[in-house]
Amino acid sequence: MTRFPHSTQSGRRFPRRLSRFGSLCSGVAAALARSLSVLLLLVLLAYLAASGHASMAGAWMLLPAFAMHFTLCFGICCLCGTSNVFFRDTEHIVGVISQAWFFTSPVFYPVAYQLDFLPESLGWIVYLNPMTGILALYRAATLGMPVETSGASPSASVAVLAAKSYCKKNYNQHDKGK
C-alpha cells in the first residue's frame, strides 16, 4: 500500500484507492515497456535476418548472452540497491558511473579496436569489463562475428554477484543488531 505523505491543499490525505490505482497503472506500464522492448528486439532480429545483414546460424548464442546479461544486471541492481540504503548518494553516483561504463564498453565498435589502442601487455584490461563478453556474444549471434573474449568477462559477472551477497550478508547482520 502506497501513501503520499503530503496532504493536499484542502488538508485531506490522498485517497487510498487512487494510490492503489496509481500503483497498478505503474506496474502495468512497466510490464508493457518490458514486453515492448522484447517485441522490438524480435522485430529487429527478423528484419536483420530477412535483409541478409545478420547470420542467424549462431542464434543459439543469444541464450547464454541473455543469461549473462540478466545475471549481471541483477547483481548490479542488488548491489546498488543495498548500498543506496546506507549511502544516499549512490543514486547520483550510479548515473555517472553507468555513463562512463557505456563509453568504455565496446557497444558501437568491436573489441579489436580497444585491443589495437592498448599495448599488447595491457590487452587483458579490456576483458575486465563484464559487458565485453556479453556484447561479443550478441555480435556473434546476430552479426556472425567471431567471439573475441576470454574467461575474464564471466568472472567479472561472478564478482558482481559475490559483492552482492557480501552486501546482503552485512545488511542482514545490521538488521539483527537492532
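Residues numbered from 1 in each chain as written. Predicted model: local features only at pLDDT ≥ 70, side-chain atom pairs only at ≥ 80, totals over all residues. Heavy atoms only, no water.

*Asks:* Got a minute to help me understand the packing of helix 2 (residues 62–86) against helix 5 (residues 130–143) in this structure?
*Replies:* Geometrically, a packed helix pair is captured by the angle between its two axes and the distance between the axes. Between helix 2 and helix 5, whose axes approach to 9 Å, the crossing angle comes to 155°. Taken together, the axes of helix 2 and helix 5 lie roughly antiparallel to each other. The two elements helix 2 and helix 5 cross, and the hand of that crossing is left-handed. For the pair formed by helix 2 and helix 5, the contact residues are Leu62, Pro64, Ala65, Phe66, Met68, His69 and Leu72 on the first element and Pro130, Met131, Ile134, Leu137, Tyr138, Ala141 and Thr142 on the second. (Axes fitted to C-alpha atoms, helices over the stretch in contact; angles between N-to-C directions. Helix = DSSP H or I, 4+ residues; strand = E, 2+ residues; numbered from the N terminus. Parallel < 35°, antiparallel > 145°, perpendicular 65-115°, else oblique. Left-handed = near helix turned anticlockwise from the far one by under 90°. Contact = heavy atoms within 4.5 Å.)

*Asks:* Teacher, can you tell me more about the packing of aromatic side chains here?
*Replies:* Ring pairs (aromatic) are described by centroid distance and by the angle formed between their planes. Summed over the entire model, instances satisfying the criterion amount to four aromatic pairs. Their ring planes at 65° and their centres at 5.8 Å tell us that Phe66 and Tyr138 sit as a pair that is edge-to-face. Of this pair, Phe66 sits in helix 2 while Tyr138 sits in helix 5, and the two are 72 residues apart along the sequence. Under the relative-accessibility criterion, Phe66 is labelled partly exposed at 37%. Considering the side-chain rings of Phe102 and Phe108, the 5.8 Å spacing of their centres and the 80° angle between planes classify their relative orientation as edge-to-face. Accessibility expressed as a relative area gives 35% for Phe102, which makes it partly exposed. An aromatic cluster of at least three residues, connected via ring pairs, comprises Phe102, Phe103 and Phe108. (Phe/Tyr/Trp six-rings, centres within 6.5 Å; stacked < 30°, edge-to-face > 60°. Buried < 20%, exposed > 50% of the residue type's maximum accessible area, 1.4 Å probe, protein only.)

*Asks:* Even after reading the chapter, I still don't get the nonpolar core, so can you show me in this structure?
*Replies:* Counting residues in hydrophobic clusters, the biggest one holds 13 residues, and the most contacted among them are Met61, Leu62, Met131, Ile134, Leu137 and Tyr138. For this core, the secondary structure elements donating two or more residues are helix 2 and helix 5. Ranked by the residues each element gives to this core, the list is headed by helix 5, at seven residues. Contacts of Leu62, omitting those with residues within four sequence positions, involve Leu45, Tyr138, Ala141 and Thr142. (Core = buried A, V, L, I, M, F, W, Y, C linked by side-chain atoms within 4.5 Å.)

*Asks:* Would you take a moment to explain the state of the cysteines for this structure?
*Replies:* Put plainly, two cysteines are in a disulfide when a covalent bond ties their sulfur atoms together. Per the counting criterion, the structure on display carries zero disulfides. Considering cysteine sulfurs only, Cys77 is the nearest to Cys73, which forms no disulfide, with 6.3 Å between them. Of the cysteine sulfurs around Cys80, a residue in no disulfide, the closest is that of Cys77, at 7.0 Å. (Disulfide = S-S within 2.5 Å.)

*Asks:* Which parts of the structure should I look at to understand a nonpolar patch on the surface?
*Replies:* A surface patch of nonpolar side chains, amounting to about 380 Å² of accessible area, comprises Leu36, Leu39, Leu40 and Val43. Secondary-structure assignment places Leu39 in helix 1 (residues 16–51). (Patch = residues over 30% accessible without salt bridge, like charges linked within 9 Å, V, L, I, M, F, W, Y side chains within 5 Å. Areas by Shrake-Rupley, 256 points an atom, 1.4 Å probe, with all protein chains shown as cover. Salt bridge = Lys/Arg side-chain N within 4 Å of Asp/Glu carboxyl O.)

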